[in-house]
Amino acid sequence: FFYIVSTSMWDDNMDYSKSAVSILPSAEIPVAFSGEMMRPNKRICLLYAERMDFKELIQLRLTEKADQRRMYITTVDSSSFQELKQDQALNVTFTGFMENLVRMLKDCQSGKLELHLSARDHNASTGNGTQSHDYHLQFVEIRAFKNLVHLCLPCRSAPLNTVLFYMNLLLDACHKKQFMLEQSTQQMQLEINSQRSHLERLGSENTKLREALAENTRALEAKHTGELQQWQEKLAKVNEQRSSELERNRRAISSLQAQLEKVAQDKSDLKTLQEKAEKRCHDLSEELACSQSRVAGLKEQNDKLHADISNAKQHERKLEYKIEDLKQHHVELQDHIQKGNKEKANIAAELEAEKKILHTKRQALEMASEEISKANQIIMKQGQELLNHKRTIAWRTEVALQQEKAVQDKEKLLTLREEELRQARITIEKLRDEIPQQLQSMRLFADGLEKKYSKQILILKERLSIPTGKENRR
């Protein structure tokens, strides 16, 4: 089988983590272990996939979740990749190989593929190279008849120093998390102290506000009682005056209504006379329109005659008799025009006489309307006085209502502040109960981690202290 070039680039320099980049986030994947004398069994392992910056080098690490001392490492560099291409007929570049490897690892996470770690023949491993690869890491697709192996990578068990290195990295990460948790608890304690001081300030302010509110309510009640008594006395006087004024206004309104009825009758008579005069004016205007249409027709005929005369001048010799007839006809038309003018003057004189009659009637109507307007002004003045009294009463009642609303608004503000204080106290009590529980659980978790890893470190130290220096094996 295949072997990989020595992984000294990873083992010699233990500070490679600065240049290592993870190509896939660490995940839990079930791995099927199979050996020469054992049946395949699945164990949950933690998978880490990394690559080196500016180098063609990939490393896969598998550690058992139950016992992290068991670590299996697979490394692929440019030379070992060329051997893989020849042995397994891979038709990709190193970058394409890395992308396909990431895709197959994701398929293993989703369950489409499975990872199998099988033991390798020791005879073949000793004969192929100096470095021993104890296992084969296979990407297997489970099928009904025969499983399909997509890729087979050589793998070896990690030596003790690499296992200790990665365990130290995990311990450092745990210590960092614990430090961050302690810092967050300190910040929470500071926030709780600030909230307590703020609540004490709010309580003192609340007591001061309650005392001030009690004093204000007492002063306002004393003022309001005196003002209400005064307003009640004034309202009683205003009501008496209003009742007397209403009786007077009723009497005046009854007399004015009688006068208005008389004026309305006179107005109806005048309207009938005005309608008759308007009808007569309308008839006269129609007659004037007829006479104007006749005059317009005569003017048009006169214009036509002038045009004929202008045309007839060219044919004077032939049309002399016709010209004399036209002159006679013109004289007749002038007579008609004079008669029409006389009729127009007579109609204008009649119109002027009728206009004088209408003017006298209009003067009589104006006199009646002036009397009606005077009566309306008297009614309006009395109505305005009533409105002024009503406005004064309404204004005084509005002032009393506004004062009551102000007192109610202050009471609402007090209730709201009391509710806010009550909710703040409830939240503080909850925080007081929850924060110690969280701190206790975090301390227990940190103590458990320290005990667990301290035992493992002691065991490793004991093993390292043995003079034979055995390595960690499966």
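The present account deals with the structure reproduced in this document. Chains are numbered independently. Their residues run from 1 in the order of the written sequence. Two thresholds apply to this predicted model, a pLDDT of at least 70 for residue-level local features and 80 or more for giving and counting side-chain atom pairs, whereas whole-chain, interface and lining totals are computed over all residues. Neither water nor hydrogens contribute to the side-chain values; these are computed over all heavy atoms in the structure.

Considerations on the environment of Ser26
Heads up, the condition is: Helix numbers and strand numbers start at the N terminus; a helix is a DSSP run of H or I with at least 4 residues, a strand a run of E with at least 2. Three labels apply to residues, based on accessible area from a 1.4 Å probe with only protein chains included: buried if under 20% of the type maximum, exposed if over 50%, partly exposed otherwise in between. Throughout, a contact is declared for two residues whenever any of their heavy atoms are within 4.5 Å.
If you trace the backbone, Ser26 turns up in strand β1 (residues 20-34). Among the residues examined, Ser26 registers a relative accessible area of 51% and is labelled exposed. Between the alpha carbons of Ser26 and Glu50 there is a distance of 9.8 Å; along the sequence they are 24 residues apart. Ignoring sequence-local partners within four residues, the contact set of Ser26 consists of Leu47 and Tyr48.

Topic: helix α3 (residues 94-110)
Owing to its 3.6 residues per turn, the α-helix brings residues three or four apart onto one side. Let me state the cut-off plainly: To estimate how far a helix should extend, the number of its residues minus one is multiplied by 1.5 Å.
Taking 1.5 Å of rise per residue, 17 residues should cover 24 Å, and α3 covers 24 Å from first to last C-alpha, within 8% of that figure. Two residues or fewer past α3, Gly111 is found with a positive phi of approximately 100°.

Overview of the environment of Arg120
Considering the arrangement of structural elements, one finds Arg120 in the loop between β5 (114-119) and α4 (122-128). Residue class for Arg120 comes out buried when judged on its relative accessible area of 4%. In this structure the C-alpha to C-alpha distance between Arg120 and Ser34, which are 86 residues apart in sequence, comes to 10.0 Å.

Brief notes about the packing of aromatic side chains
Aromatic ring pairs are described here by two measures, namely the spacing of the ring centres and the angle between the planes. To keep it simple, the criterion reads: Ring pairs shown here join Phe, Tyr and Trp side chains whose ring centres sit within 6.5 Å, with only the six-membered ring taken for Trp; geometry is labelled stacked below 30 degrees between planes, edge-to-face above 60, and tilted in between. For a ring to carry a charge above it, either NZ of a lysine or CZ of an arginine must fall within 6 Å of the ring centroid while also lying within 35 degrees of the normal to the ring plane.
Going through the model one piece at a time under the given rule, you end up with 6 aromatic pairs. Where Phe81 meets Phe94, the ring centres are 5.4 Å apart and the plane angle is 90°; that geometry is what we call edge-to-face. Remark: Phe94 occurs in helix α3 and Phe81 occurs in helix α2 (residues 78-88); sequence separation between them is 13 residues. The same class applies to Phe81 and to Phe94, which are both buried. Centre to centre, the rings of Phe81 and Phe97 are 5.1 Å apart; their planes meet at 50°, and the pair counts as tilted. With Phe81 in helix α2 and Phe97 in helix α3, this pair connects stretches of sequence that are 16 residues apart. Judged by relative accessible area, Phe97 falls into the buried class, the value being 4%. An aromatic cluster is built from Phe33, Tyr72 and Tyr135, whose rings are joined through pairwise contacts. Above the face of the Tyr166 ring, Arg61 is positioned so that its terminal group lies 3.8 Å from the ring centre.

A closer look at the pattern of salt bridges
Which entries qualify depends on this criterion: Salt bridges, as used here, are contacts in which a Lys or Arg side-chain nitrogen is within 4 Å of a carboxyl oxygen on Asp or Glu.
Considering all chains together, one arrives at 10 salt bridges under this definition. Glu114 is the partner of Lys42 in a salt bridge, and the nearest nitrogen-oxygen pair spans 3.0 Å. Linking Lys42 in strand β2 (residues 41-52) with Glu114 in strand β5, this pair joins segments that are 72 residues apart in sequence. The partner of Asp107 in a salt bridge is Arg103, and the shortest N-O contact between them spans 3.7 Å. Remark: Arg103 and Asp107 occur in helix α3; sequence separation between them is 4 residues, near one turn of the helix. Through salt bridges that share partners, Arg43, Glu64, Asp67, Arg69 and Arg70 make up one connected network.

Notes on the nonpolar core
Heads up, the rule is: What makes a nonpolar core is a set of buried Ala, Val, Leu, Ile, Met, Phe, Trp, Tyr and Cys residues whose side-chain atoms join them at distances within 4.5 Å.
If you look at the biggest cluster of nonpolar residues, it comprises 33 residues, and the most contacted ones within it are Phe97, Phe139 and Leu153. Considering every element that reaches this core, the biggest residue donor is α3, with 8 residues. Residues in contact with Leu153, not counting those within four places in the same chain, are Leu60, Thr74, Val76, Leu84, Phe97, Leu101, Tyr135, His136, Leu137 and Phe139. The next biggest cluster of nonpolar side chains, apart from the first, holds 11 residues, and it includes Met71, Ile73, Val163 and Leu460.

Here's the deal with the pairing of strand β6 (residues 135-141)
Two faces make up the sheet, and in a regular strand the side chains alternate between them. The test is simple: Pairing between strands is defined by DSSP: at least two bridges between the two strands are required.
Burial runs high along β6: 6 of the 7 residues are buried. Here β6 runs beside strand β7 (residues 148-157); their pairing, made up of 7 bridges, is antiparallel. Bridge pairing links Phe139 to Leu151 in β7.

As for the sheet that holds strand β3 (residues 57-64)
This is how it is decided: A fitted line through C-alpha atoms serves as each axis, taken over the contacting stretch for helices, and the angle formed by two N-to-C directions is quoted from 0 to 180°.
Pairing in this closed barrel of 7 strands is mixed, and the strands run β1-β2-β3-β4-β7-β6-β5 around the ring. Sheet twist, expressed as the mean angle between neighbouring strand axes with direction ignored, is 35°. In terms of strand pairing, strand β4 (residues 71-77) meets β7 through 2 bridges, oriented antiparallel. For Tyr72, the partnering residue across the bridge sits in β7 and is Ser157. In the packing of α2 onto the sheet, the strands contacted are β4 and β7, and the crossing angle to β4 comes to about 90°. Sheet strands touched by α3: β1, β2, β3, β4, β5, β6 and β7. Its angle to β1, the strand with the most contacts, is close to 50°.

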